[in-house]
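One letter stands for each residue in the lines below.
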Amino acid sequence: MKLFAQDIWNKGKFLRGHKLSSVQIIVSYYILMTMLALTLFYLPMFRQPGSHVPFIDMFFMAVSTISVTGLSTFPIKEVFNEQGVILLEILFQVGGLGIMMISTFFFIISKRKITLKQRQLIMTDMNQPRLSGIVRLIRTTFTIILGLQIFSGIGFSLYLKLNGYYEHWLDALYYGFYEAISSVTNSGFDITGHSVLPYANDFLFLLAIMVLIFIGGIGFPVLMDVKEWLSDKFSKEPNPFHFRFSLFTKIALFSSVILFIGGTVVIFLLEKNHLFSNMNAIGQGVNSMFYSITTRNAGLQIHDLNNFQTTTLIVFALLMFIGCSPSSVGGGVRTTTIMIIGLYLYSFLKGEHHIKIFGRNIDEEDVRKSMVVFMLSLIMCFSCVIFLTAIEDASLISIIVEVTSAFGTTGLSLGITDDLTTIGKLTIAILMFIGRVGMLYTLMLFIPKKPRDLGYRYPTEKIIIG
């Protein structure tokens, strides 16, 4: 991993030498990492004997892995062996936590100096607004995520073995750690062919998975704030400065909870007399909660999605389109974007000129960015749905689910992924990549680093709206 970190910085020197912006460099890193994953997938040591996969399908798998989406055009257990699955788990870390976080953490533990330009790249990759505290954020977040994966992996392994899911300890460890890593990084790949269907009636295990998914998708700065809050609350030394959560943490938590509760209620009402009709109230509630949170990014499932009503699938598509919080393992337009747009509409209807929440005004630039990200994401997904409907032999709802799943890096599908044409697979792969790097950064690839100042302004004139 140290060699990997050094290689990342060396490539960064080459790219910086060509005067690329920080966003262009970061996107180039993810392209290079995708190519590296593609190369590794072809090594015999990670493959099942005699397995053959066309190039387009293996490329699709590489993009899906680095973007931690979970979509695949072939059964993973028939192509990758145990070493291949471990390779996937390593790549989940790179894709979920971010290339710069992984490489920087190893620079930290090796006590290497991190330059200002490197800090700028870290800030870009983690979607942070300022340089201050960026290294501390990486150190804290990486420790929390890694510790959580180890702790939950051990706990899952013990639980699966002691409850009779697996006869041998090695199998329990293998699948226990995979479920833990997959849940925290929100990857959603199915290595058994049954996702988490064997645990459909094990509500305690499903609740544990939901907690891990929530932590992975809530946002790294939120984890940092929670850690600081706990340190301040249980510190034995008096602290003259009272800790306060950042506005980002408050909005990320509030919007995530609202989406979780709202999604749970809607799914419960839609399916309680349909797919969940043979369950008791507790089972209906847990299943509704599970799909409310897994559709936001994890992509795990305990039912065949084709058994859900079309209306429910549209709700799933909406949740996948929204995705997780910024600076997390998830994709989509992000929760804060939706929250700011909602607040903007509320303020407009009230006739207010400023957006206020939690005693703070939202910066107008953030409002403009939210509107741009939302509209461009909506236009892109809508265009892809129209395009794929024209070239693919699949139902409209299947394509809608596939497109939003790819953009939200979720990984849920109605089973059409492996039947897509080459053009269709490339389209979904592009959506997965954009979902990982973010619509805003994708847009910034085509915006000049220094905006041109015309030196004059045109007169303002009002027009008729609505």
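The residue numbering used here restarts from 1 in each chain and proceeds along that chain's sequence as written. Restriction of local features to residues with pLDDT of at least 70 applies here, the model being predicted, together with a cutoff of 80 or more for giving and counting side-chain atom pairs; totals for whole chains, interfaces and linings are based on all residues. Side-chain numbers come from the whole structure's heavy atoms, not from hydrogens or water.

The next thing to look at is the overall build of the chain. Numbering of helices and strands runs from the N terminus; a helix is a DSSP stretch of H or I covering at least four residues, while a strand is a stretch of E covering at least two. Of regular secondary structure, the chain possesses 19 helices and two strands. The buried label applies to any residue whose accessible area, calculated with a 1.4 Å probe on protein chains only, is under 20% of its type's maximum; exposed applies above 50%, and partly exposed to all values in between. Relative to its full complement of 466 residues, the chain shows a buried share of 52%. The contact criterion used throughout is that any non-hydrogen atoms of two residues lie within 4.5 Å. Contacts in the chain between residues far apart in sequence, at least 24 positions, make up 70% of those at least 6 positions apart.

This next bit is on the packing of aromatic side chains. The rule is short: rings of Phe, Tyr and Trp, with Trp giving its six-membered ring, pair when the centres are within 6.5 Å, and they are stacked under 30 degrees, edge-to-face over 60, tilted in between. As enumerated under the stated definition, the model contains 20 aromatic pairs in all. Here Y166 and Y175 contribute two aromatic rings whose centre-to-centre distance is 4.9 Å and whose plane-to-plane angle is 5 degrees, an arrangement assigned as stacked. Joined through ring pairs, the aromatic side chains of F156, Y159, Y165, Y199 and F205 make up one cluster.

Turning next to the packing of helix α12 (residues 247-271) against helix α13 (residues 281-298). Relative to each other, α12 and α13 sit at 130 degrees, their axes nearing to 8 Å. Taken as axis vectors, α12 and α13 run oblique relative to one another. Here the hand of the crossing between α12 and α13 comes out right-handed. Judged by residue contacts, S256, L259, F260, G263, T264, I267 and F268 of α12 engage Q284, G285, S288, M289, Y291, S292, I293 and R296 from α13. Per-class residue counts for the contact of α12 with α13 are seven nonpolar, seven polar and one charged. Here an angle of 0 to 180 degrees is reported between the N-to-C directions of two axes, which are lines fitted to C-alpha atoms, with helices fitted over the stretch in contact. Small angles under 35 degrees read as roughly parallel and large ones over 145 as roughly antiparallel, with 65 to 115 read as roughly perpendicular and the rest as oblique. Crossing handedness is defined as follows: a turn of the near helix away from the far one that is anticlockwise and smaller than a right angle gives a left-handed crossing, while the clockwise case is right-handed. We call Asp, Glu, Lys and Arg charged. Ala, Val, Leu, Ile, Met, Phe, Trp, Tyr, Cys and Pro are nonpolar, and the rest, Gly among them, are polar.

Time to look at a nonpolar patch on the surface. Together, L146, I150, I154, L158, L162 and W169 make up a nonpolar patch on the protein surface, roughly 570 Å² of accessible area in all. The leading source of residues in the nonpolar patch is helix α8 (residues 134-162), at five residues. Tracing the chain through its elements places I150 in helix α8. By definition, no residue in a patch forms a salt bridge, and every one has over 30% relative accessible area; like charges are joined within 9 Å, nonpolar side chains (Val, Leu, Ile, Met, Phe, Trp, Tyr) within 5 Å. Calculation of accessible area relied on Shrake-Rupley with a 1.4 Å probe; when residues are assessed, cover is drawn exclusively from the protein chains displayed. The term salt bridge refers to a side-chain nitrogen of Lys or Arg lying within 4 Å of a carboxyl oxygen of Asp or Glu.

Moving on, we get to the nonpolar core. Joining through side-chain atoms within 4.5 Å is the link that ties buried Ala, Val, Leu, Ile, Met, Phe, Trp, Tyr and Cys residues into a set, and such a set is a nonpolar core. In terms of nonpolar packing, the biggest core is built from 49 residues, with I209, F290, Y291, L305, F308, L313 and F316 touching the most fellow members. F308 has contacts with E271, H274, L275, F276, Y291, H303, L313 and F316, leaving out every residue within four places of it along the chain. I26, M33, F41 and V79 belong to the second largest nonpolar core, which has 30 residues in total.

Glancing now at the side chain of S183. Residue placement: S183 occurs in helix α9 (residues 169-184). Under the rule applied, a polar contact is a pair of N or O atoms within 3.5 Å (in protein, one hydrogen donor and one hydrogen acceptor; residues adjacent in sequence only if both atoms are side-chain atoms). Within the local environment of S183, its side chain forms a polar contact with the backbone oxygen of E179, the two atoms lying 2.7 Å apart. Excluding its chain neighbours within four sequence positions, the residues that come into contact with S183 are I209, L212, I213 and L300.

Moving on: the confidence of the model for the chain. Predictor confidence is given residue by residue as pLDDT, running from a minimum of 0 to a maximum of 100. Put simply, the chain has an average pLDDT of 84, and 86% of its residues get 70 or more. Across residues 1-5, where pLDDT falls below 50, the model places ten contacts with residues more than four positions away in sequence or in other chains.

With that settled, the discussion passes to unusual backbone geometry. We note that S327 has phi near 55 degrees; this positive angle belongs to a residue other than glycine. With respect to the helices and strands, S327 occurs in the loop between α14 (310-322) and α15 (335-349). Even without glycine at this site, F358 takes up a positive phi of about 55 degrees. Mapping F358 onto the fold places it in the loop between β1 (356-357) and β2 (360-361). By relative accessible area, which is 37% here, F358 ends up partly exposed.

Another aspect to go through is the side chain of T249. Assignment of secondary structure puts T249 in helix α12. Residues contacting T249, with those up to four places away along its chain left out, are P221, V222 and D225.

A few words now on helix α17 (residues 396-407). Residues lying three or four places apart along an α-helix face the same way, a consequence of the helix completing one turn every 3.6 residues. By this rule the span expected of a helix is its residue count minus one, scaled by 1.5 Å. The terminal C-alpha atoms of α17, which comprises twelve residues, lie 17 Å apart, in line with the 16 Å expected from a rise of 1.5 Å per residue. The element α17 is extensively covered by neighbouring structure, given that ten of its twelve residues are classed as buried. Considered for burial, the residues of α17 that qualify are I397, S398, I399, V401, E402, V403, T404, S405, A406 and F407. At its buried positions, α17 is contacted by α14, α16 (364-391), α18 (422-437) and α19 (439-444).

Let us look at the packing of α13 against α14. Put simply, α13 and α14 touch, their axes get as near as 6 Å, and they point 50 degrees apart. Between α13 and α14, the crossing angle belongs to the class labelled oblique. Handedness of the α13/α14 crossing: right-handed. Contacts between α13 and α14 involve Y291, S292, T295 and R296 from the former and F316, L319 and M320 from the latter.

Here the focus is α14. Taking 1.5 Å as the rise per residue, α14 with 13 residues should run 18 Å; its terminal C-alpha atoms sit 19 Å apart, in good agreement. Residues of α14 that are buried: T312, L313, V315, F316, A317, L319, M320, F321 and I322. The inward-facing, buried residues of α14 contact α12, α13, α15, α16 and α17. Directly beyond the C-terminal end of α14, a positive phi value near 75 degrees is found at G323.

This brings us to the environment of L318. One can find L318 in helix α14. L318 sits in the exposed class, given a relative accessible area of 51%. Considering only alpha carbons, one finds L318 and G408, 90 residues apart in sequence, at a separation of 9.7 Å.

Turning our attention to the state of the cysteines. When the sulfur atoms of two cysteines come within 2.5 Å, that pair is taken as a disulfide. Under the counting rule described, the total for this entry stands at zero disulfides. Cysteine C381 shares no disulfide, and the gap to the nearest cysteine sulfur, in C384, comes to 6.5 Å. Take C381: its relative accessible area is 6%, and that puts it in the buried class.

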